[in-house]
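Listed here are the chains, written in short residue letters.
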Amino acid sequence: MDTKVVNRSEHDVQQLVQTVERLERMVAIGQMLNSTLDLSQLLETIISTASELVGTQAASILLMDERTGELFFAAATGSSREELRKIKVPLVGSIAGTIYKTREPLIVADVSGDARHYAGVDQSTKFQTRSLLGVPLLVRTRCIGVLEALNKINEEPFNEEDIRTLSAMASHAAIAIENARLVASLREANQRLSELDRLKSNFISIASHELRTPLMIVQGFASFLREQASGDMTSDLDMVLRGASKLQAIIDQMTNLNYLEAGLSELKQEKIIVQELIAELEEEWRPLAAAKQQNLHVNMPPTPILIRGDRGKLNLAFSNLLNNAVKFTPENGHIEIHVILHTGRVEITVVDTGIGIPKEELTRIFDRFYQVEDHLTRHHGGLGLGLAIAKEVIEQHNGRIWAESVEGQGSRFRVILPALFEHL
Ligand code: ADP
């Protein structure tokens, strides 16, 4: 057999084996990319694998510092990592800077003869760069840095295969860096939001506390004057008292939410007959519905249904639902309360024939301060806390609440609570 042919095919096989190995390593890096969020560990692996696959003494990743407009070392193989971290590489007068600006791979066979070589790095690290292959780190069309492989071990020139391998590693690194940056900025945004949320809660608790005392003074004196008043004065003072009690309701909502949110209020564990709870609510809300000529209809089974919980808080939750039903239903509309017993749970539904809620808002309305109407053009009063409070209370009772609606035709708020099996 012709030995040349044998040698040639052996060489081919060897090259193929090498290519397969390279590909396997790159696939492994790709998998690692999906499984780790530790960026520095990932970048270290990327550069050591890149250096090994391209066959160089060292490799490093330089990233753009947007504030200074210079490149800095984000990762490097070898023992000079600490020195490298301190070094800034200018965009002008450096090979890395050239790659960053042109966004093209660059081979420099002998850096000593290249005017663009930035000697500052070698001076600090005592590493002698002889040859170099660098590729840009691209996130879509944006360049975020450069991946460099330094000093080919076998002293052969860098070839096309090396460029391909390093470019593939660079795209892995770019994705990892971009992901890490996105995660970091999300975390930061999240932290800022939590801080704002904390400030808002503090503000509510201080504001509700500070409003309470002057309001009590207004209510106290207005009631006193009302008792003594006669003629026109009576209706004027009634108006003052009505305004004060509206203010009181708003402050109560603010306080309630804060207490519920902070888990400060203890949940009583009373045995409650659902029909009694609803009858109480019916009595409270019938006059308010009647004031708008609305018809309030209650539909309950005769056999008492027992639940365990906090009567006051449940009353508050359903009052908020009824308040909305009355508020968002025009005059002459209908409001219904239905109680149905299922196995082990009771369903209480508040239905109205009001303005309804757009489909995409059905879950958001339970968020604190969320209102469907724009606050600048809204026609209905309220703080946007009623449903958040209702949800908190129902969930504290291991229940569920949700809304169904057809815009323009009315809304249906459904509450499910665990029922007790015992009989009275
Ligand atoms: P608000 O104090 O504004 O009533 P809620 O948390 O109780 O606050 O309700 C949030 C928003 O959900 C309301 O502003 C309103 O846009 C909508 N909403 C709640 N209940 C109804 C209802 N029965 N019909 C129509 N819209 C409702």
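Procedures and definitions
- Residues numbered from 1 in each chain as written.
- Predicted model: local features only at pLDDT ≥ 70, side-chain atom pairs only at ≥ 80, totals over all residues.
- Heavy atoms only, no water.
- Helix = DSSP H or I, 4+ residues; strand = E, 2+ residues; numbered from the N terminus.
- Contact = heavy atoms within 4.5 Å.
- Near = heavy atom within 4 Å.
- Polar contact = N/O pair within 3.5 Å; in protein donor to acceptor, adjacent residues only side chain to side chain.
- Areas by Shrake-Rupley, 256 points an atom, 1.4 Å probe, with all protein chains shown as cover.
- 1 Å grid on protein atoms, 1.4 Å probe; cavity = no way out; pocket = protein on both sides within 12 Å on 5 of 7 lines; lining within 4 Å.
- Sits in = over half its atoms within 2 Å of the grid points.
- Nonpolar A, V, L, I, M, F, W, Y, C, P; charged D, E, K, R; others polar.
- Core = buried A, V, L, I, M, F, W, Y, C linked by side-chain atoms within 4.5 Å.
- Buried < 20%, exposed > 50% of the residue type's maximum accessible area, 1.4 Å probe, protein only.
- Domains from an automatic or database assignment.
- Expected span 1.5 Å × (residues − 1).
- Points joined across faces, edges and corners; volume = space filled by probe spheres on them.

(A) Geometry of the environment of V54. In this fold, V54 is placed in helix α2 (residues 39-54). Distance in space between the C-alpha atoms of V54 and F158 is 8.3 Å, their sequence separation being 104 residues. In this view, V54 contacts R22, L133, A149, K152, F158, D162, T165 and L166; residues no more than four positions away in its chain are not counted.

(B) Main features of the site of the ligand. The environment of the ligand is made up of 19 residues, and the closest members are N324, K327, D352, Q371 and L387. Q371 is positioned such that a nitrogen or oxygen atom in its side chain is 2.6 Å from an oxygen atom of the ligand. Relative to its unbound accessible surface of 530 Å², the ligand loses 97% to contact with the protein. More than half of the atoms of the ligand fall within 2 Å of the grid points belonging to the largest pocket. Every element with two or more residues in the shell around the ligand is listed here: α9 (311-327), α10 (386-396) and β13 (410-418). Residues of the shell around the ligand, tallied by class, amount to 10 nonpolar, 7 polar and 2 charged.

(C) Quick peek at the nonpolar core. Residues L321 and I348 are the most contacted members of the largest nonpolar core, which totals 47 residues. By residue number, the principal contributor to this core is α9, which donates 7 residues. In terms of domain composition, this core takes at least three residues from each of domain 2 (190-261) and domain 3 (270-418). If near-sequence neighbours (up to four positions away) are discounted, I348 is found in contact with V274, I278, F318, I337, H338, V339, F413, R414, V415 and L417. Ranked by size, the runner-up nonpolar core spans 32 residues in total, among them I29, L43, I46 and L63.

(D) Structural view of helix α7 (residues 232-261). Taking 1.5 Å as the rise per residue, α7 with 30 residues should run 44 Å; its terminal C-alpha atoms sit 44 Å apart, in good agreement. All of the buried residues along α7 are T234, L237, A244, I251, Q253, M254, T255, L257, N258 and L260. Residues of α7 that are buried make contact with α6 (160-228), α9 and α10.

(E) The arrangement of the layout of surface pockets in detail. Estimates place the volume of the largest pocket at around 1,300 Å³. Forming the boundary of the largest pocket are 44 residues, of which N323, N324, K327, G381 and G382 lie nearest the centre. Elements represented by at least two residues in the lining of the largest pocket include exactly α7, α8 (274-291), α9, α10 and β13. If one sorts the elements of the lining of the largest pocket by residue count, α7 sits on top with 9 residues. Split into classes, the residues belonging to the lining of the largest pocket amount to 17 nonpolar, 18 polar and 9 charged. Two domains each provide a minimum of three residues to the lining of the largest pocket, namely domain 2 (190-261) and domain 3 (270-418). What the second largest pocket holds in volume is close to 470 Å³. What lines the second largest pocket is a set of 18 residues, and nearest its centre among them are Q18, R22, L53, E161 and D162. Among the secondary structure elements, those contributing two or more residues to the lining of the second largest pocket are α1 (3-35), α2 and α6. Among the elements that take part in the lining of the second largest pocket, α1 stands out by supplying 6 residues, more than any other.

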